[in-house]
Amino acid sequence: MWPAIQELMEQFKEAVIVLDGQGEIAVVNQAAQVHLDQLGVNAAAALLGGIDAIRVIRAPARISVSSILPELPPAIRDLDAISSGLPVILSIRTLENFMYISPAFENIFGRDSSELLRDPDAFHELVHPDDREMVRAHLAADSAGAEQDYEFRILHPSGAIRWMRVRVHPFFDDWSKQLLVAALTEDITELRQRRGRKRAGAEKLLPLESTVEFRKALEQSVDQWRLDPASACYFAVALIDLVRFRAVNDSFGYAEGDRLLKETGRRIRQALPTRDHVSRFGSDCFAILLRSSTDTFQAEELVRKILMSVSAPLELGQTPIAIVARAGLASPSGIDCSADSVLRDVDAALQIAKQRREPLVVSSPALPAKSMERSSLEFDLARALDQDEFFFEFQPVFDPESGKVKMLEALVRWRHPRLGVISPASFISLAEDSGLVLRLDMQGLERLGRQLDSWRILDPRIAALPVSINISGRHFPGFAMENQFHSLLRSPALSQSTIIFEITESVFVESSHRTAVGLERLRSAGVQIWLDDFGDGYSSFRYLTHFPVDGIKISESFVKQCVSEPKVRVILATLQSLARGLGVQTVVEGVETREQFETLKTMGFDALQGYYLARPMAAKEIPSLFGSARPKASPRKRSA
Ligand code: C2E
Ligand code: CA
């Protein structure tokens, strides 16, 4: 079946079954597959009767498309047949032109699509003037291969303003060069109105101020401060941003998302003295005006307290969710400061907190320059992917008993033409925010295959070691680019070695049935799934029983205290024995000293990793770990 259609269908939360002209099932998405698995394929006929949760689309012509590009012209005819039943617009374009716009465009935009097919720039005229710049920026990112999801307004010929939500998927050829951009656009005007009504209702319950009131209070504080900066009228502004709030909305629905916002607002308000102000800024951000603190030290302490209270777990749809929040903090910097300049400073501090994944960053004169650096890095990232400026270092992981290398972890680095080698801590969150991390990880897996091939020739003992690669949580729920990953994993370069995907717990916290299915498919393709940074955030062994996990990497945060704190050793021993009971392997990471190594060595973990044992090193240095002997090549089959 045509992979592009399959991927698009996966975007629907409801089950979608597409029938061909003979009434046979042509495309089934995963949500539909669940029903089919439960009911048996023969019961599919019963579904045609119209179970509400299932959308059946009848295509008048038989669908017989096997690959995307060579057959595009005939495929486009078939696309019309499939998409005519969909209440969303399916569009496909190259980097220059629209190739296809489905019939729903006429209904939703109230116009004929032929002009757009002739002149893609005509699209900007249809967008609400206030959103044009934002849409232009998104279109530029589409062309750079970003997977995106955003909302904008259009001008309907009736004079109405309508809201669109567009989800954009890039498609790549075998070398990860982008070929096509497919987009699904739906009219969410009614949904937003409903959401708005609900939110207005919810907001009434929130003891928060409107942004207008907030701004007025901020301007007052700025005026007082400018009159007499030396007096006791210190103030500061904090912005608190909920990380991946949208994923919570997508996984648990808007009602639960609203509940989470309401609870967050309540927790912030509760932690603050009454003189301080709180307001919602945008969909998942809160602004706080701190007037009761007497200096930045006090303000910082208060914001840290708020972050702790915001991230205490909350039950959403019976799943305990610990939302991660990041904060920026700024106080007035000079006599010519204004409400806008303080807001700009605090936003720059927040952006850096998000980039560095730190809970709180306090604004300082050096920061605005850094945020400029970030935006230029963001621009460079797309180019760097095209030029493949990335490479791996490998960190060995050791068997504590024998002292032998047990596996390798691939850690990406960026060889930037101007800035030199950049560590992933500076660009992964950037790549995640722009959606480019999907391409980055995909290229990483290809690079790993090439590396394994060259080790196979040089010293097959290395290629026989399991190798782990970090995979961003942005591939989930479901598993974006699953088809491309699977075809790579089947290649001889990768299928002869044991490949481990290291993913973080956030994938499970925001998980769905689709996550579990995607992970299970990877495992049946021979990949091991390991949980990274276990112990950071809200760890739960429940994930290990609900999701297919082969191993855990216990966070370095435990290691730091394992020598001095007997309690931490008890926690570690418990983790080790629970994991063993569940048949899950354990690696402890971040071992930096001999004392830590000696303590952990006796505790029965399967492997240890850290600077004390070995730092990440260039691929060409790995053979030195094995001495000079080179046994004859004997490719080992994957053992997962
Ligand atoms: P991680 O998966 O937790 O990787 C371990 C990080 O800890 C690495 O930093 C490693 O160099 C460092 N490390 C190892 N031993 C020690 C130690 O004893 N002490 C200390 N303080 N650190 C140690 P690195 O290479 O900067 O990677 C940072 C993070 O970037 C990784 O954290 C991983 O989440 C992410 N990352 C790395 N490569 C990739 C990739 O190819 N794709 C994606 N999506 N993420 C990646
Ligand atoms: Ca890792």
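As the structure is a prediction and not an experimental result, all values here were calculated from the model. (Residues numbered from 1 in each chain as written. Chains lettered and ligands numbered in written order. Predicted model: local features only at pLDDT ≥ 70, side-chain atom pairs only at ≥ 80, totals over all residues. Heavy atoms only, no water.)

Novice: Describe the packing of aromatic side chains, naming the residues involved and giving the relevant values.
Specialist: Applying the stated rule across the entire model yields 12 aromatic pairs. A centroid spacing of 5.8 Å and a plane angle of 75° characterise the contact between Phe 485 and Phe 501, whose relative ring orientation is edge-to-face. Of this pair, Phe 485 sits in helix H19 (residues 482–489) while Phe 501 is found in strand E20 (residues 499–504), placing the two residues 16 residues apart along the sequence. Each member of the pair, Phe 485 as well as Phe 501, carries the same accessibility label: buried. In this structure an aromatic cluster arises from ring pairing among Phe 105, Phe 109, Phe 123, Tyr 150 and Phe 152. The aromatic ring of Trp 163 is capped on one face by Arg 192, whose charged end is 3.5 Å from the ring centroid. (Phe/Tyr/Trp six-rings, centres within 6.5 Å; stacked < 30°, edge-to-face > 60°. Helix = DSSP H or I, 4+ residues; strand = E, 2+ residues; numbered from the N terminus. Buried < 20%, exposed > 50% of the residue type's maximum accessible area, 1.4 Å probe, protein only. Lys NZ or Arg CZ within 6 Å of the ring centre and 35° of its normal.)

Novice: Report on the coordination of the calcium ion (ligand 2), specifying residues and quantitative values.
Specialist: Donor atoms from the polypeptide that coordinate the calcium ion (ligand 2) comprise Glu 409 (OE), Asn 470 (OD1), Glu 502 (OE), Asp 532 (OD) and Asp 532 (OD), at 2.1 to 3.2 Å from the metal. If you look at the calcium ion (ligand 2), its 6 donor atoms make angles of 44 to 170° with each other, and the shape they trace is irregular. Mapping the donors of the calcium ion (ligand 2) onto the primary sequence yields the spacing E-x60-N-x31-E-x29-D. Residue Asn 470 is located in strand E19 (residues 467–470), and its partner Asp 532 is located in strand E21 (residues 528–534); the two are separated by 62 residues in the primary sequence. (Donors = N, O, S within 2.8 Å, 3.2 Å for Na, K, Ca; no water. Tetrahedral: all angles 85-135°; square planar, octahedral: opposite > 155°, others 65-115°.)

Novice: Please give an account of the sheet that holds strand E14 (residues 325–330) that cites residues and values.
Specialist: One open sheet accounts for 5 strands, arranged E10-E11-E9-E14-E15; its pairing is mixed. The open sheet has two free edges, formed respectively by strand E10 (277–281) and strand E15 (360–362), since each of these has just one partner strand. The sheet shows a mean angle of 20° between the axes of neighbouring strands, taken without regard to direction. Summarising the sheet, strand E9 (residues 236–242) and strand E11 (residues 285–290) pair through 6 bridges and their orientation is antiparallel. (Pairing = 2+ DSSP bridges. Axes fitted to C-alpha atoms, helices over the stretch in contact; angles between N-to-C directions.)

Without other data, these values stay purely geometric and don't point to any function.
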